[in-house]
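One letter stands for each residue in the lines below.
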Amino acid sequence: MIGYYFRLALRSLRRTPVMTALMVCAIGLGIGASMTMLTVLHVMTQDPIPEKSGGLFYPHLDPLPLKYPDGGRWGNPSNNFTYPDAMALLTHGKATHQAAMAGGRLLVWPTKAVARPNYYEGRFTTADFFAMFQVPFEHGQGWTAHEDDEHARVAVLGHDLAVKLYGTTDVVGRTVRLKDTLFRVVGVTAPWSPQPRFYADLGSSDSFGQSDAFFLPLSVAVELRFDISGNQSSWAESDMEDVLKSPSSSWLQFWVELDTPQQVADYTRFLHDYAAQQHASGRFERDPETVRLYPLMDWLAYRKLVPSEVQLQLWLALGFLLVCLVNIIALLLAKFLRRGNEIGVRRALGARGRDILVQLGTEAALIGLSGGLLGIALSQLGLWSVRQRPDDYARIAQMDAPMLFSTVTLAVVATLLSGLLPAWRASRISPALQIKGV
Amino acid sequence: MPLPLMPILSALRHHRLTAALLTLQVALTCAIVINAGFMLVGRIQQITAASGLPEDQLSLISVSGLDDAANAQAQRRTDLTALRAIDGVQAAAALDNGSMPLSRNYSGTGACTSQEGFDRAKAARGIDGISGCVSFPSYSGSSDLLSAMGLKLLAGRDFTDEERAAEKAGQAVIVTRSMAHRLWPGQNPVGKLLYGFNGPVPVVGMIQDVLAPMVSGVPDDTMLLLTSTSKGQISSTYLLRSAPQDRQRVLREAAAALDKAGPVRLIPEEQRRTYTQVRREYFQRDVTMLGLLITSSLALLFVTALGIGGLANFWVGQRTRQIGIRRAVGATRGDILRHFQAENFLIVGAGVVLGMLLAYGLNQLLMRQYELARLPLLYLPVGALLLWALGQVAVLGPALRASRVPPAIATRAG
């Protein structure tokens, strides 16, 4: 029966080719625009490390003075850690893994004398980083907590930087010169680039995109006073000589891995106790009840990685889709109702209202399917144009199989729903009235 | 001739649902297009904001120093001499921190017209809302800064070399006209004192308005000042002024000259830019948004026009016989044309009224979510007229077809 309806639908659509083309165009444009923006939103809000994200948490302390103005343009400094707080949590916390980290930009010297040095973005962190985030290694491994304590001059290189410097990744034991210091390479990671870059200082321009070119022990970076990239905020006059270690200057990110609900509960209590103790000593002015332990995905939501422009564009696209759908409903309604005669004859010949509904529904679905296919093509075009933008999220705007599938589904479901009202309305045409006129 | 409203209304009653849907579509389009248009105008104003600089004459080049031990002050002098020697360079200056209009390199502070005001601001840990106090970004650089930026002194004088070489900032400042107007309305700012972190600082001059390193489209964007103290750094940014057509050549020669002028430094390709490029990069996101707003508005209007035209087409087809009868009983072709035009006018009119309400509501939502400004009422009638015109254009084809229906069709069956 459905084959027959399909042929009927094709014939009906062929009879009004211009109108059919216009309807397919309208639904294609609406679907294309909204799927482009939904895909962008999807890649910006996806789970960056699905196999681990359930066990990763970001503690949030608030060492800011009571009078610190809220809602500043440059973000909330308490999102990052001060050095003393990070070290205290690192020493006393009982998490499976824990690491403090910050981004840094360093001059990397080539191994050949003729080449010029260049700046690369990397990360200063502590030993647990690699185990906690399951960073894959091509050669060697990360450094140890002992090497952290010793301020050992060791480095882990990213795959790309190792290849650029040495032409190979099998370089464990060789030396690399970063800024003015020689480091011993202890490991080379395989390409590793979770998106969004959840562990970094989010909200600055590099929440997406590039991966770290190198990793160094945080203790060494502090000792050698390497420049920190990302937000550094100070809220009290302090000795500029030691700004990195200042208790009123935040610049570090801090992550813990907690595997069981019991561990999470214990760690939450530990955080509260720590904040209460700091409050009692007069260092924290704010209520210790404001401390939080954010699960990874909650932390990403709290940091609002989706810029308001992208949200606006999404709403614009969805509004456009809505108008297109209303348009389709109106056109299908007019079209179906105009076929009163034909429907009347079929009803008189014994077709039930339900049969008419299925027949017209098939026609609507056919339009939806064609519109969906056109929508896929248009959203690929849209995503291509998004990738031409200079923003950090732009390059990762790719459509994956589930998104591709949902495009067609959305198109067919949307058109089916839009076709339902007109089809239902037409299926109630009474046979007697219509047949009279024939 | 009065329009025959009754037949139109009774015809519309037969298509209640379709007409209602069309009205809804027009209303949604109206609401979205009006708000998109409002955002569009705002963005255009921002993108075209005058920087106060002779933009087509300026170029920038940055060098990254690799040797922290080098003598930065001497290096800066050598570099500037080399740059000024380039054929076609009218002025060259070093910018501290690479900070200039639309550079995104922001270094700012706050100050007040009195010490009491500043003490109050300090106690409140914020300068907002304290009278006589403002926060602002500042620029500083080497001695030729004013001429390299093409800035004219409106009053007072430029900094002296002594003021520039001072160890601590706070020897003297030059304010912009809008800064002077905010702090000392109607008075000459020269000789006045500004109270800030480094104690009172005398204002020695006033320049025309220039834009801040980052702009947000408010009048405060031109509230800033120049500070006198300037220190050489081994990584530095130089501003060059030349004839517009010379800029590319000047940049090339400047890169070569700086490469030879001292210790090994990086002069990345992307750090050699004309000011035209600086402006374009600064507003890239806004231009993207502009393109999106225009495209989606046009697409919306297009789809709505399609809907109106398509429906009218169906209706004409459906009513061919009635039209024939009306023609047979004496209606002129003009009458038929006007019937469809009036019908469209009514439907679009209803949509526009609803749409203006929706537009206002949407604006309220956007104000809350995205800090958009309040929609000026003028946008509503403009949007209404636009949709009315669109409706009339879209219905014209089908209406003309209807008017050509011969009266004889009434006598045929079917």
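The structure this text deals with has already been given above.
Before going into details, it helps to say that this report is about the structure given with it.

1. So, the overall build of chain B
Then, number 1: The number of helices and strands found in chain B is 13 helices and 12 strands.
Then, number 2: Summarising its shape, the C-alpha atoms of chain B cover approximately 100 × 50 × 35 Å along the three principal directions.
Then, number 3: Across the 414 residues in chain B, those meeting the buried criterion constitute 51%.
Then, number 4: Pairs at least 24 residues apart make up 82% of the contacts formed inside chain B by residues separated by at least 6 positions.
Then, number 5: One way to put it: in chain B the 40 positive side-chain charges average out to a point 17 Å from where the 29 negative ones average out.

2. A short note on the overall build of chain A
Then, number 1: Helix and strand counts for chain A stand at 14 helices and 13 strands.
Then, number 2: Considering chain A as a whole, with its 438 residues, one finds that 53% of them fall into the buried category.
Then, number 3: Long-range contacts, defined as pairs at least 24 residues apart, comprise 75% of the intrachain contacts of chain A with a sequence gap of at least 6.
Then, number 4: A total of about 19400 Å² of accessible surface is found on chain A, and carbon and sulfur atoms cover 58% of it.
Then, number 5: For chain A, the distance from the average position of its 40 positive side-chain charges to the average position of its 39 negative side-chain charges is 19 Å.

3. Some remarks on unusual backbone geometry
Then, number 1: Of note, the amide linkage connecting Q195 of chain A to P196 of chain A takes the cis form, showing an omega dihedral of -10°.
Then, number 2: The phi dihedral of Q134 of chain A falls on the positive side, at around 50°, and the residue is not glycine.

4. Structural notes on the interface of chain B and chain A
Then, number 1: Contacts between the two partners involve 41 residues from chain B, matched on the other side by 45 residues from chain A.
Then, number 2: Counting each side, the surface lost to burial between chain B and chain A is near 4000 Å², with a carbon and sulfur contribution of 72%.
Then, number 3: Linking chain B with chain A are one salt bridge, by the criterion used here.
Then, number 4: Note that R285 of chain B and E309 of chain A form a salt bridge whose closest N and O atoms lie 3.5 Å from each other.
Then, number 5: At the junction of chain B with chain A, the criterion picks out one residue pair in polar contact (both at pLDDT 80 or more).
Then, number 6: Looking at which element gives the most residues to the side of chain B that touches chain A, the answer is helix α10 (residues 284–318) of chain B, with 18 residues.

5. Side note on the state of the cysteines
Then, number 1: Across all of its chains, the model carries one disulfide over all chains by this definition.
Then, number 2: Covalently, C112 of chain B is tied to C133 of chain B through a disulfide, its sulfur atoms 2.0 Å apart. Taking the sign of the torsion about the S-S bond as the criterion, the disulfide between C112 of chain B and C133 of chain B, at about 105°, is right-handed. Of the two residues, C112 of chain B is situated in strand β3 (residues 108–112) and C133 of chain B in strand β4 (residues 133–139); the sequence distance between them amounts to 21 residues.
Then, number 3: For C133 of chain B, a relative accessible area of 9% corresponds to the buried category.
Then, number 4: For the unlinked cysteine C324 of chain A, the closest cysteine sulfur is that of C25 of chain A, found at 10 Å.

6. Comments concerning the packing of aromatic side chains
Then, number 1: Taken as a whole and judged by the stated rule, the model has 29 aromatic pairs over all chains.
Then, number 2: Between Y4 of chain A and Y5 of chain A, the ring centres sit 6.0 Å apart and the planes meet at 40°, which makes this aromatic pair tilted.
Then, number 3: Under the relative-accessibility criterion, Y4 of chain A is labelled partly exposed at 35%.
Then, number 4: Among the residues examined, Y5 of chain A registers a relative accessible area of 3% and is labelled buried.
Then, number 5: With 4.9 Å between their ring centres and 80° between their planes, Y282 of chain B and F283 of chain B make a pair best called edge-to-face. The same class applies to Y282 of chain B and to F283 of chain B, which are both buried.
Then, number 6: For the cation-ring pair, R105 of chain A lies above Y119 of chain A, with the distance from its terminal atom to the ring centre recorded as 4.4 Å.
Then, number 7: Over the aromatic face of W109 of chain A sits the side chain of R177 of chain A, whose NZ or CZ is 4.1 Å from the ring centroid.

7. With respect to the nonpolar core
Then, number 1: With 202 residues, the main nonpolar core has F129, F133, V176, W255 and Y267 of chain A as its most contacted residues.
Then, number 2: For this core, the element with the highest residue contribution is helix α10 (residues 308–338) of chain A, accounting for 19 residues.
Then, number 3: Look past the residues within four positions of V176 of chain A in its chain and what remains in contact with it is V108, A155, L157, L165, Y166, T181, L182, F183 and V185 of chain A.
Then, number 4: The next biggest cluster of nonpolar side chains, apart from the first, holds 17 residues, and it includes V63, L251, A254 and I267 of chain B.

8. Side note on the environment of R11 of chain A
Then, number 1: For R11 of chain A, the location among the structural elements is in helix α1 (residues 2–15).
Then, number 2: Separated by 401 residues in the primary sequence, R11 of chain A and V412 of chain A have C-alpha atoms spaced 20 Å apart.

9. Section: helix α11 (residues 340–348) of chain A
All names here are of chain A.
Then, number 1: Buried within α11 are the following residues: G340, I343, G344 and R346. Taken end-on, α11 shows its buried residues confined to a sector of 165°, consistent with a single buried face.
Then, number 2: Downstream of α11 by one or two residues, G350 has phi in the positive range, about 115°.

10. As for the side chain of E343 of chain B
All names here are of chain B.
Then, number 1: With respect to the helices and strands, E343 occurs in helix α12 (residues 333–370).
Then, number 2: Engagement of the side chain of E343 in a polar contact is seen with the side chain of R319, the distance being 3.1 Å.
Then, number 3: With near-sequence residues (within four places) excluded, E343 lies in contact with I8, A11, L12, W315 and R319.

Cut-offs applied
- Residues numbered from 1 in each chain as written.
- Chains lettered and ligands numbered in written order.
- Predicted model: local features only at pLDDT ≥ 70, side-chain atom pairs only at ≥ 80, totals over all residues.
- Heavy atoms only, no water.
- Helix = DSSP H or I, 4+ residues; strand = E, 2+ residues; numbered from the N terminus.
- Buried < 20%, exposed > 50% of the residue type's maximum accessible area, 1.4 Å probe, protein only.
- Contact = heavy atoms within 4.5 Å.
- Lys, Arg positive; Asp, Glu negative; His and termini not counted.
- Charge placed at Lys NZ, Arg CZ, Asp CG, Glu CD.
- Areas by Shrake-Rupley, 256 points an atom, 1.4 Å probe, with all protein chains shown as cover.
- Buried area = accessible area lost by both parts, 1.4 Å probe.
- Salt bridge = Lys/Arg side-chain N within 4 Å of Asp/Glu carboxyl O.
- Polar contact = N/O pair within 3.5 Å; in protein donor to acceptor, adjacent residues only side chain to side chain.
- Disulfide = S-S within 2.5 Å.
- Phe/Tyr/Trp six-rings, centres within 6.5 Å; stacked < 30°, edge-to-face > 60°.
- Lys NZ or Arg CZ within 6 Å of the ring centre and 35° of its normal.
- Core = buried A, V, L, I, M, F, W, Y, C linked by side-chain atoms within 4.5 Å.
- Arc of directions from axis to C-beta.

Keep in mind these values describe shape, not function.
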